[in-house]
Amino acid sequence: MTDLTRRRALFSGAALLSGSCLAALAVPARASAEPVVMADAPLLPAIRLTAALNRPYQDLSGAWAYSKDLYKTGWSTLMDWKPNRGNQRFSDVDVAAEEARDRYALFEYDMQNAPRMALPGAWNAALPQLRYYDGLIWFQRTFLVSPKPGERVLLRFEAVNYVTQVFVNGKTAGAHEGGFTPFTLDVTGLVRDGVNQVTLGVDSSHTDQSVPPRVTDWDIYGGVTRPVRLFVVPDTFIDDLYIRYTPEGRILAEARLMGPASAGSDVTLSLPALKLMARGRTDETGTAHFDLKAPRGLKLWTPEGPTLYEVTVTAGTDSLSDRVGLRTIAVKGHQILLNGKPVFLRGICLHEEEFGSNPARNMTEPASRALLTEVKHGLNGNFVRLSHYPHSEVTTRLADEMGLLVWSEIPVYWAVAFGDARALTTARRMMAENILRDRNRASIIIWSVGNETPKTEARNHFMGTLADDAKRLDPSRLTSAALLVNKTKVDGVLHATIDDPMVDKLDILSANTYTAWYGNDRLEDVPAIKWSAPVDKPLIFSEFGADALAGFHAPDRRKFSEEFQADFYRATLANAATVPILAGLSPWILKDFQTPRREHPVYQNGWNRKGLLSETGARKQAFAVLAEWYSQRAI
């Protein structure tokens, strides 16, 4: 069995049993430690654990033992047989003790004495020799738990990139595909009273069928990039809460219970600051529905006044609280309406990298706040496009708090295998996991289903399915995708036409435009560009930009100089001012970010330099150009 065949077997049907979590996986005779994917697995995760951050938990951040396994001998051996005892890094065994007891014992690993790595954080930043490591690494640590009768033990992983197999005390707990969305495993039947061992097999490598595919223009960081937490909850617990505000002035909510007593249970919903309380009863699916008239004193969430309300759900012995904003978002013709009023999106794109010369995608609250503060107060912005994948929940919750509108997307990027059924299933599960985690965030107004994708029938079906899924899971938000543009020259004037078949499926048209950076056009051609679309919908310039090395100045204002980037912004913004259907901008990009594609030895050295800020936060000339333009639009 080749590695590609092995990965296809792993990914067939994409995310796993229980919607991306493989519970109680049986160990086959061959390739035993490798995750097995169920082709008929459901699209929705079995356990959602909404607002998990607001529950008591044990944080498993800190030092984890790690062991590289580039040839994946922990999944299968040379002959594709079950890995032998000497390679089973997931085993619940004290290797040193076994070696001392039996001089013939042969182990080619020792997790107890292996080097340590601080998690969360991408392994690429941990050691210089791991900078471009792309493959399998095993992680292990111990934790203490003493569950009582009537309690469940859950392990939640906020993000592990890209394929993860989880073992508890040497037994398979589950598996997951996808590097940016959370998954939760019920390990109640695997833990013991006292010290327990958890082992992760994390494979960062991608295939042509993965999402994203093998080739991107950003750094595919490997490893455990967001926190791992352990929860002890009642046997029947509150698994999901979905709350939103309607244009008719109603507050709608659903609370979903999980467990043996989930059906026919009493549930209480309260918003104390609004003096609202309601009681409901769950149906046969374990869901209680609420429909409340909003009081007159309700303050709707806006970027200028990001009011958040405490909401609490109680059922049996469990209680769950969250802070939510209430608002509406809609489109009317070429306008985007926030709470019924037109809003212009003054935005920027953002990759999930903290400031610094060696980012590890460890998005702590201070790290995220530093980035979002530059958007809100530096650029005078009200909008951020989180590119090109779901960002940390820390970031989306800060956007709620700080008053930033958000575009959230999954990594359906460039050359995804649009005709592959497994790739579509993977993407659909990612979309579901993203929406279910964040659909209570008032800041998020757009679910995006793709970026710079080719116009084919297979792609139209793929992305159209995702758009339909988004509307089913969350009808309260808008859909979009960053589309390519057809450009022609008529009488010396550039005409940009958004003729993508997806325009009929999406609420907002979005176009990436790099005229005068890529191609043969010049800056002088940009201000006069004529834009057109076949439908009357709002348009966002979802990307535009030019590289500049911070501190590089050129008298001739050449490419890669700060002067050229500033001139590029002036020309594109001049054009933007002439487009009547334009409802917002999110230029590319706030900060320089790492990417192996960009290797000019003078200007790039592994960094995309289109940031308005350098990787360490130095502002380039174009920063002030955009900030001034947004300041005028905010009046």
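Residues numbered from 1 in each chain as written. Predicted model: local features only at pLDDT ≥ 70, side-chain atom pairs only at ≥ 80, totals over all residues. Heavy atoms only, no water.

Chemist: For the overall build of the protein, give the residues involved together with the corresponding values.
Modeler: Broken down by element type, the protein carries 9 helices and 35 strands. Taking 2.2 N^0.38 as the reference for a compact globule, 635 residues should give roughly 26 Å; the C-alpha atoms of the protein span a radius of gyration of 25 Å, in line with that estimate. Taken along the three principal axes of its C-alpha coordinates, the protein extends 80 × 60 × 45 Å. The buried share among the 635 residues of the protein stands at 63%. (Helix = DSSP H or I, 4+ residues; strand = E, 2+ residues; numbered from the N terminus. Rg over C-alpha atoms; globule rule 2.2 N^0.38 Å. Buried < 20%, exposed > 50% of the residue type's maximum accessible area, 1.4 Å probe, protein only.)

Chemist: Would you mind going over the confidence of the model for the protein in detail, with residue names and values included?
Modeler: On average, residues of the protein score 92 in pLDDT, and 93% of them reach the 70 mark or higher. Under a pLDDT of 50 for its full length, residues 1-41 has, in the predicted model, 122 contacts with residues more than four places off or in other chains. (pLDDT = per-residue confidence, 0-100. Contact = heavy atoms within 4.5 Å.)

Chemist: Provide a residue-level description of the packing of helix α6 (residues 421-438) against helix α7 (residues 457-473), including the pertinent values.
Modeler: Axes are the key here: two packed helices are described by the angle between their axes and the distance separating the axes. Where α6 meets α7, the closest approach of the two axes is 10 Å, and the angle between their N-to-C directions is 25°. In terms of axis orientation, α6 runs roughly parallel to α7. Crossing of α6 over α7 shows right-handed handedness. Along the contact surface, α6 presents Ala423, Leu424, Ala427, Arg428, Met431, Ala432, Ile435 and Leu436, while α7 presents His461, Phe462, Thr465, Leu466, Asp469, Ala470, Arg472 and Leu473. For the contact of α6 with α7, the per-class residue count stands at 11 nonpolar, 2 polar and 3 charged. (Axes fitted to C-alpha atoms, helices over the stretch in contact; angles between N-to-C directions. Parallel < 35°, antiparallel > 145°, perpendicular 65-115°, else oblique. Left-handed = near helix turned anticlockwise from the far one by under 90°. Nonpolar A, V, L, I, M, F, W, Y, C, P; charged D, E, K, R; others polar.)

Chemist: Explain the environment of threonine 199 to me, using residue names and the numbers behind them.
Modeler: Along the chain, threonine 199 turns up in strand β10 (residues 194-203). Spatially, the C-alpha atoms of threonine 199 and asparagine 169 are 8.0 Å apart, while their sequence positions differ by 30 residues. Ignoring any residue separated from it by four or fewer positions in sequence, one finds threonine 199 in contact with Arg89, Phe90, Trp138, Phe139, Gln140, Gln165, Val166 and Phe167. Polar contacts involving the side chain of threonine 199 include one to the side chain of glutamine 140, which spans 2.8 Å. (Polar contact = N/O pair within 3.5 Å; in protein donor to acceptor, adjacent residues only side chain to side chain.)

Chemist: An account of helix α4 (residues 365-378) is requested, with residue identities and associated values reported.
Modeler: With 14 residues, α4 ought to run about 20 Å at 1.5 Å a step, and its terminal C-alpha atoms sit 18 Å apart, in line with that. Helix geometry: α4 is bent most strongly at leucine 372, by close to 30°. Where α4 is concerned, the buried positions are Ala367, Ser368, Leu371, Leu372, Glu374, Val375, Lys376 and Gly378. At its buried positions, α4 is contacted by β23 (345-350), β24 (383-386), α5 (393-402) and α9 (621-633). Backbone geometry just after α4 places asparagine 380 at a positive phi near 60°. (Expected span 1.5 Å × (residues − 1). Bend = angle between axes of the 7 residues up to and from the residue.)

Chemist: Which residues make up the side chain of threonine 465, and what values do they have?
Modeler: The topology assignment puts threonine 465 in helix α7. Among the residues examined, threonine 465 registers a relative accessible area of 12% and is labelled buried. The residues contacting threonine 465, other than those within four sequence positions of it, are Leu424 and Arg428.

Chemist: Summarise the pairing of strand β5 (residues 151-157); cite the residues concerned and give the values.
Modeler: Across the 7 residues that make up β5, a large majority, 6, are buried. Bridge count between β5 and strand β9 (residues 183-186): 4 bridges; the pairing is antiparallel. Paired with arginine 156 across the two strands is threonine 184, which belongs to β9. (Pairing = 2+ DSSP bridges.)

Chemist: Kindly report on the sheet that holds strand β1 (residues 58-59), identifying the contributing residues and their values.
Modeler: Read across the sheet, 4 strands follow the order β1-β12-β5-β9 without closing on themselves; strand pairing throughout is antiparallel. Edge positions in the sheet fall to β1 and β9, since each has one partner strand and no second.

Chemist: Please set out the sheet that holds strand β26 (residues 444-451) residue by residue, giving values where relevant.
Modeler: Taken together, the 8 strands give a closed barrel; going around it, the order is β23-β24-β25-β26-β27-β30-β32-β33, and neighbouring strands pair in parallel fashion. The mean inter-strand angle of the sheet, taken between neighbouring strand axes irrespective of direction, is 30°.

Chemist: Please set out the nonpolar core residue by residue, giving values where relevant.
Modeler: Counting 107 residues, the largest nonpolar core has Val412, Phe462, Leu539 and Leu585 as the members making the most contacts within it. Sorting elements by how many residues they give to this core places α6 first, with 8 residues. Trp123, Phe139, Phe143 and Val168 belong to the second-largest nonpolar core, a separate cluster that totals 29 residues. (Core = buried A, V, L, I, M, F, W, Y, C linked by side-chain atoms within 4.5 Å.)

Chemist: How would you summarise the environment of aspartate 504 if you had to cite specific residues and measurements?
Modeler: Here aspartate 504 lies in the loop between β29 (493-497) and β30 (509-512). A sequence separation of 33 residues divides aspartate 504 from lysine 537, and the C-alpha atoms of the two residues are 9.5 Å apart.

Chemist: Quick rundown of unusual backbone geometry? Include the residues and the values.
Modeler: Residue proline 212 follows valine 211 across a cis peptide bond; omega there is 5°. Its location among the elements puts proline 212 in the loop between β10 and β11 (223-224). Across the junction of tryptophan 588 and isoleucine 589, the peptide omega takes the value 15°, indicating a cis bond. Inspection of the secondary structure assignment puts isoleucine 589 in the loop between β33 (582-585) and β34 (593-594). In this model, arginine 557 sits at a positive phi of 55°, which is unusual for a non-glycine residue. Along the polypeptide, arginine 557 turns up in the loop between β32 (539-543) and α8 (562-576). For arginine 557, a relative accessible area of 37% translates into the label partly exposed.

Chemist: Any chance you could break down the pattern of salt bridges for me, citing the residues and the numbers?
Modeler: Tallying each qualifying case throughout the model produces 51 salt bridges. Of the charged contacts in the structure, one is a salt bridge between glutamate 543 and arginine 385, with a shortest N-O distance of 3.0 Å. In this pair, glutamate 543 is assigned in strand β32 and arginine 385 in strand β24, connecting sequence segments 158 residues apart. A single burial state applies to glutamate 543 and to arginine 385, both of which are buried. A salt bridge links arginine 422 to aspartate 420; the nearest nitrogen and oxygen atoms lie 3.9 Å apart. (Salt bridge = Lys/Arg side-chain N within 4 Å of Asp/Glu carboxyl O.)

Chemist: Any details on the packing of aromatic side chains? Residues and values, ideally.
Modeler: In the structure shown here, the tally under the stated rule is 26 aromatic pairs. Here tryptophan 138 and phenylalanine 167 contribute two aromatic rings whose centre-to-centre distance is 6.1 Å and whose plane-to-plane angle is 35°, an arrangement assigned as tilted. Pair noted here: tryptophan 138 is in strand β4 (residues 136-145) and phenylalanine 167 is in strand β7 (residues 163-168), with a separation of 29 residues, a long-range link. Across the pair, exposure class does not vary: tryptophan 138 and phenylalanine 167 are buried alike. Sitting over the ring of tryptophan 517, lysine 559 keeps its end group 4.9 Å from the ring centre. (Phe/Tyr/Trp six-rings, centres within 6.5 Å; stacked < 30°, edge-to-face > 60°. Lys NZ or Arg CZ within 6 Å of the ring centre and 35° of its normal.)

Chemist: Residues and numbers for the pairing of strand β18 (residues 309-315), please.
Modeler: A large share of β18 lies buried, amounting to 5 of its 7 residues. Alignment of strand β15 (residues 266-271) against β18, held across 3 bridges, turns out to be antiparallel. Of the residues in β18, the one forming a bridge with serine 270 is threonine 312. Where β18 and strand β19 (residues 318-324) come together, 7 bridges link them in antiparallel fashion.

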